[in-house]
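Now for the letters of each chain:
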Amino acid sequence: MKIPSSSSKNGPAAAIMGGTNLRNLIGLTLLGLVLVSAVAAAATANTDPYKILGIQKQATLQEIRRAYKQLAKEWHPDKSDHPDAETKFVEIKKAYELLADSDRRKAYDLYGITNEDAHLYKERPDYSNYGRFPDPFEQFFGHNFNFHDQDISLFHRLSITSKYYETNIVPKSHHTPQILMFYSDWCFSCMKAANSFKKMIDTLEPFGVTFATINAGHENQLVRKVGVHSLPCVILVLGGHNYVYKDSVYNTQRVVEFIRQKLPYKLLPTIDDSTVDGFLEGWIDNRVRALVMEPRAQPRLRYLITAYHFRERVAFGFVQLNSQKSQHIQERYKLHPSLDTLLIFNEDSNRPVASISMSDIPTSTLNNVIAVNKYLALPRLSSQAMLEGVCPAEWNRPRKRLCVVLITENTPNHDHARQAMRRIALESNYSPEKVRFAYIYQEKQTEFISALAEHSKLEETILKVVIIWRRDTNHIKYEWVHEATLPVPEKGAVENETHDGSYNNTKQKLDSVIQRLLRPSEVLSYEAEVKDLLDEHAQGLVIRILNKVLMAFEYMTENLGQEHILPALSVVGTIAFILAIGYLMAYLVRVEEENIQKSQNKSADGKNGKPANYVPELRLHELRAEKYNGLVRLLKPGCRTIVLLTDMQSRNKLIPAFHRAVWPYRKNKTLMFAHMLIEKGIGWYAELLRLSLSESREMKINPRNCIGTVIALNGHRKYFCMYHAKHPESNRGAKRMMKMTRQLSTMPSDPEAGAFLGMDSSDSETSTSDISEPKILLEENLLDGLPNWLDRLFEGTTHRYYINYWPDFTSK
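(A) Just the overall build of the chain, in detail. A count of helical and extended segments in the chain gives 28 helices and 19 strands. The buried share among the 812 residues of the chain stands at 40%. A sequence separation of at least 24 residues applies to 71% of the contacts in the chain between residues at least 6 apart. In the form shown here, the chain has an accessible surface area of approximately 47,100 Å², with 53% of it arising from carbon and sulfur atoms.

This is the structure in structure tokens:
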């Protein structure tokens, strides 16, 4: 008996059902793949940094920053009420951090990598340019060279000389990092590094780093001095010292790490809950306290550079937000956990005088806020630089800027007096632009205080208050406030009503004296000539020697190998021995010269009554009718008078600039210096120009166009030389001069070009040639070229205008 099987019984139906299940399974699988692809595409769209910022893939770094700032303002959690504002803000920030880093951006464009480990994929091959037509320059010079992408003109635009390096780069390096790129004209490696150097400038220049280039072929001596080993070569100038960047890859991140390593040690020490009070209360060193707070483990480069710039006036500390060790600080000052914050404190550690909270604080904002608040409420005049900052010299300003100075000693007994003076400064209603309060140590600045006491015949200066007004760098006017004497409490005594009454009395008397002296008609009682203040923060001889030794050791470790150590030590020992002998000989010679000079000074004082170290001063006369003969007509052969033309409005700006320009020639006995108000001498000046140009007609001169003119008058030989910012200097004679002046006076683009010579554009025909953008000159820039003109004047290369006689000086 045959039993039918199920397969044979239900064979067709089973086959149909099996096929249907298979199709359904395949359909479900395809549907799942489609859904997964859609979800992946949506996720990719949501994580695309270009779409998040709303920019194209060809966007520049400036466009990326602009888009990020606009979106950050819109989606900031503190400014937006949207429920997803915080998530959106985090996405925007991550997208910006990815695209702002050139390496991470390149890794994303090539491989879609969005994490921070993009540097691990640098060695992967780049097939993005596969199939591109080969460049003949690339085939000849190598696959890394692309002639069309190089911009060697960048090096030429930033090129400087050795003189500029000595006069600008080195002094500025004490406050700002300076990066120099050494190159040459036919250096193909320099051409390849041009784009990397440009990216470096775009990234680091906003942080305060200054960039320049030097052509090694033109500055061989400087190349040897700074230790350039090959081209191209990057040198970091910091604090007057040169540091060679030896990495062959000019990557911005590596340069940043290089700068971090060379900045001073503990420029931004880490501050936590246990050390914040001690840090904020350390203002006794005469520096303001500043806390930089970030949600990162180490501070950004911009904050390090700012701390380096203001390190002499501000002590910086770094606080890591979202850390267990800084919870008390965050609660104490109510800080936002995800924003960078800067707090500045003076003597009061509980309340900051200034605060900034932003996701990215710009360097310009940092510098502006710190520059305004870089002094304590009652700073100590501890150096000449501190005196210049607190009490600047303003002799040419109509309004006085007073400094109220308390004279104390560095003893705990005077802490009460200084605290009372600090309280007066904090409660003062005067603007810092008018009145500043300070104190000074008498035992440290003996010469300065003795000069004040000597001229006013004051015997005791301790705990006295003096109000000073600095006319210039060495002369000050001052007045003692005799009624304002801050008392010193006895040992064991406490503050009582007597002390409060004495404080109020002192404050009232100070206010009355300050209000009186701020009046333009009031004059301070005494005047004295003082020397520069002693720098109380200067390093001692031992510290300076140790710093030199450390610098030499660092140089040897970086540049010398094991095979060079013994020869180097031998050379150092020989140099040290020679220097010791030379120092001994120089010391003996100096002692002998001092003895001879003392004997000569004694004899000179006995004979002439004038000290031997007399330094001539620069006398600036005013050219008037009563002084005209002595300054011009009666000059001896070989003597000249240099005259500056000003008016009442411009004399306060032009005379200081003229004084600085002619100061190096003050010891020349054949020169006299003067200034003339054009309103008083317009008739004489017009007649002088008419005689020099052989014009018979009357000269029409606009006095306003004549300011800033400098005339060198040779009274004996009857000629003069002229300087003006728009003077068309020529050596082809007066006819060529007249022709050029008429042409310039008829130019519609700049009608003032020939006005200073008396030519009026209305008397000439209008010329339509040579139409260009008129150059606008400010009064502050009229004498910028005067030092160069003075050099040519004494070389004899300036044009001379001869006259038959000197016209009479008739004042108006």
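This is not the end of the story, as more comes after the structure.
(B) Main features of unusual backbone geometry. With an omega of -5°, the peptide bond running from leucine 231 to proline 232 counts as cis. Counting through the fold element by element, proline 232 comes out in the loop between α12 (220–226) and β3 (233–238). Of note in this structure, lysine 266 is not a glycine but carries a positive phi near 55°. Relative to the helices and strands, lysine 266 resides in the loop between α13 (252–262) and α14 (276–280).

(C) Region of interest: the sheet that holds β3. The 4 strands are arranged β2-β1-β3-β4 in an open sheet whose pairing can be described as mixed. Strand pairing shows two members of the sheet lacking a second neighbour, β2 (210–215) and β4 (241–245), which therefore form its edges. The mean angle between the axes of side-by-side strands here comes to 25°, regardless of whether they run parallel or antiparallel. Pairing of β3 with β4, which is carried by 5 bridges, proceeds in the antiparallel orientation. Residue leucine 236 lies in a different strand from β4, and its bridge partner there is tyrosine 243. Where helix α11 (residues 194–204) meets the sheet, it contacts β1 (178–183) and β2, and its direction lies at approximately 155° from that of β2.

(D) Here's a closer look at the pairing of strand β16 (residues 671–677). Judged by how many residues are buried, β16 sits mostly within the fold: 6 of 7 residues are covered. In this sheet, β16 lies alongside strand β14 (residues 620–622) in parallel orientation, the contact comprising 3 bridges. Note on β16: the bridge partner recorded for leucine 620 is phenylalanine 673. As paired strands, strand β15 (residues 640–646) and β16 are joined by 7 bridges and run parallel to one another. If you follow threonine 646 over to β16, its bridge partner there is leucine 677.

(E) Looking closely at the pattern of salt bridges. Taken as a whole and judged by the stated rule, the model has 29 salt bridges. For arginine 516, the salt bridge goes to glutamate 522, with nearest N and O atoms at 3.5 Å. Accessibility expressed as a relative area gives 27% for arginine 516, which makes it partly exposed. A residue is classified by how much of its surface remains accessible, and glutamate 522, at 23% relative accessible area, is partly exposed. A salt bridge links glutamate 779 to arginine 704, with the shortest nitrogen-to-oxygen separation between them at 2.4 Å. You can see glutamate 779 sitting in the loop between α27 (734–745) and α28 (786–795) and its partner arginine 704 sitting in the loop between α26 (678–693) and β17 (710–714), a full 75 residues away along the chain. Salt bridges sharing common partners tie together Glu294, Arg296, Arg300, Asp340 and Asp360.

(F) Region of interest: the sheet that holds strand β18 (residues 719–723). One open sheet holds the 6 strands; their spatial order is β14-β16-β15-β17-β18-β19, and the pairing between them is mixed. Either end of the sheet is taken by a strand with one partner, and the two such strands are β14 and β19 (801–802). Two strands pair when backbone bridges link them, and β17 and β18 are joined in this way by 5 bridges, in the antiparallel orientation. Its bridge partner being in β18, leucine 713 is matched across the sheet by phenylalanine 720. In the packing of helix α25 (residues 651–662) onto the sheet, contacts are made with β14, β15, β16 and β17, and the angle to β15 comes to roughly 155°. Docked against the sheet, α26 engages β14, β15, β16, β17, β18 and β19, running at close to 115° with respect to β16.

(G) Seen up close, the nonpolar core. Counting residues in each nonpolar core, the largest one holds 51 residues, and the members touching the most others are Ile179, Leu204, Phe316 and Leu342. Considering each element in turn, this core owes the most residues, 6 residues, to helix α15 (residues 301–309). Not counting chain neighbours up to four residues away, the residues in contact with isoleucine 179 comprise Leu204, Val209, Thr210, Phe211, Ala212, Val234, Ile235, Leu236, Val255 and Ile259. Ile682, Met699, Ile701 and Ile711 belong to the second-largest nonpolar core, a separate cluster that totals 28 residues.

(H) Representation of helix α5 (residues 85–100) in the model. Compared with the 22 Å implied by 1.5 Å per residue over 16 residues, the 22 Å span of α5 between its first and last C-alpha is a close match. Taken residue by residue, α5 has Ala85, Phe89, Ile92, Lys93, Ala95, Tyr96, Leu98 and Leu99 as its buried positions.

(I) The packing of aromatic side chains, seen in detail. A full pass over the atoms with the stated rule returns 18 aromatic pairs. Between the aromatic rings of tyrosine 628 and phenylalanine 809, the centroid separation amounts to 5.6 Å while the plane-to-plane angle is 35°, which identifies the pairing as tilted. Of this pair, tyrosine 628 sits in helix α24 (residues 628–633) while phenylalanine 809 sits in the segment after β19, placing them 181 residues apart in sequence. Both rings, one in tryptophan 684 and one in phenylalanine 809, keep their centres 5.8 Å apart while their planes meet at 40°; by these two values the pair is tilted. Remark: phenylalanine 809 occurs in the segment after β19 and tryptophan 684 occurs in helix α26; sequence separation between them is 125 residues. In terms of burial, tryptophan 684 and phenylalanine 809 fall into one category: buried. Every member of this aromatic cluster is reached through a ring pair, and the members are Phe155, Tyr183, Phe197 and Phe211. For lysine 88, the ring lying beneath its charged end belongs to tryptophan 75, and the centroid distance is 6.0 Å.

(J) Structural view of the state of the cysteines. Summed over the entire model, instances satisfying the criterion amount to 2 disulfides. Bridging cysteine 187 to cysteine 190, the disulfide has an S-S length of 2.5 Å. With the S-S bond torsion at 80°, the cross-link from cysteine 187 to cysteine 190 turns out right-handed. Residue classification places cysteine 190 among the buried residues on the basis of a relative accessible area of 0%. Cysteine 391 shares a disulfide with cysteine 403; S-S distance 2.0 Å.

(K) Quick look at the packing of α11 against α13. Running from N to C, α11 and α13 point in directions that differ by 55°, and their axes come no closer than 10 Å. Taken as axis vectors, α11 and α13 run oblique relative to one another. Crossing handedness for the pair α11 and α13: right-handed. Taken together, the residues of α13 that come into contact with α11 (itself represented by Lys199, Met200, Thr203 and Leu204) are Thr252, Val255, Val256 and Ile259. The residue makeup of the contact of α11 with α13, split by class, is 5 nonpolar, 2 polar and 1 charged.

(L) Fine view of a nonpolar patch on the surface. Taken together, the side chains of Phe577, Ile578, Ile581, Tyr583, Leu584, Met585, Tyr587, Leu588 and Val591 define a hydrophobic patch exposed on the protein surface, amounting to about 930 Å² of accessible area. Within the secondary structure layout, isoleucine 581 lies in helix α23 (residues 562–607).

(M) Expanded view of the side chain of aspartate 340. Assignment of secondary structure puts aspartate 340 in strand β7 (residues 340–345). A distance of 2.9 Å separates a polar atom in the side chain of aspartate 340 from a polar atom in the side chain of tyrosine 303.

(N) View of the environment of methionine 648. Along the chain, the position of methionine 648 falls in the loop between β15 and α25. When the C-alpha positions of methionine 648 and leucine 677 are compared, they lie 7.1 Å apart, and in sequence the two are 29 residues distant. Look past the residues within four positions of methionine 648 in its chain and what remains in contact with it is Leu677 and Glu679.

Cut-offs applied
Residues numbered from 1 in each chain as written. Predicted model: local features only at pLDDT ≥ 70, side-chain atom pairs only at ≥ 80, totals over all residues. Heavy atoms only, no water. Helix = DSSP H or I, 4+ residues; strand = E, 2+ residues; numbered from the N terminus. Buried < 20%, exposed > 50% of the residue type's maximum accessible area, 1.4 Å probe, protein only. Contact = heavy atoms within 4.5 Å. Areas by Shrake-Rupley, 256 points an atom, 1.4 Å probe, with all protein chains shown as cover. Pairing = 2+ DSSP bridges. Axes fitted to C-alpha atoms, helices over the stretch in contact; angles between N-to-C directions. Salt bridge = Lys/Arg side-chain N within 4 Å of Asp/Glu carboxyl O. Core = buried A, V, L, I, M, F, W, Y, C linked by side-chain atoms within 4.5 Å. Expected span 1.5 Å × (residues − 1). Phe/Tyr/Trp six-rings, centres within 6.5 Å; stacked < 30°, edge-to-face > 60°. Lys NZ or Arg CZ within 6 Å of the ring centre and 35° of its normal. Disulfide = S-S within 2.5 Å. Parallel < 35°, antiparallel > 145°, perpendicular 65-115°, else oblique. Left-handed = near helix turned anticlockwise from the far one by under 90°. Nonpolar A, V, L, I, M, F, W, Y, C, P; charged D, E, K, R; others polar. Patch = residues over 30% accessible without salt bridge, like charges linked within 9 Å, V, L, I, M, F, W, Y side chains within 5 Å. Polar contact = N/O pair within 3.5 Å; in protein donor to acceptor, adjacent residues only side chain to side chain.

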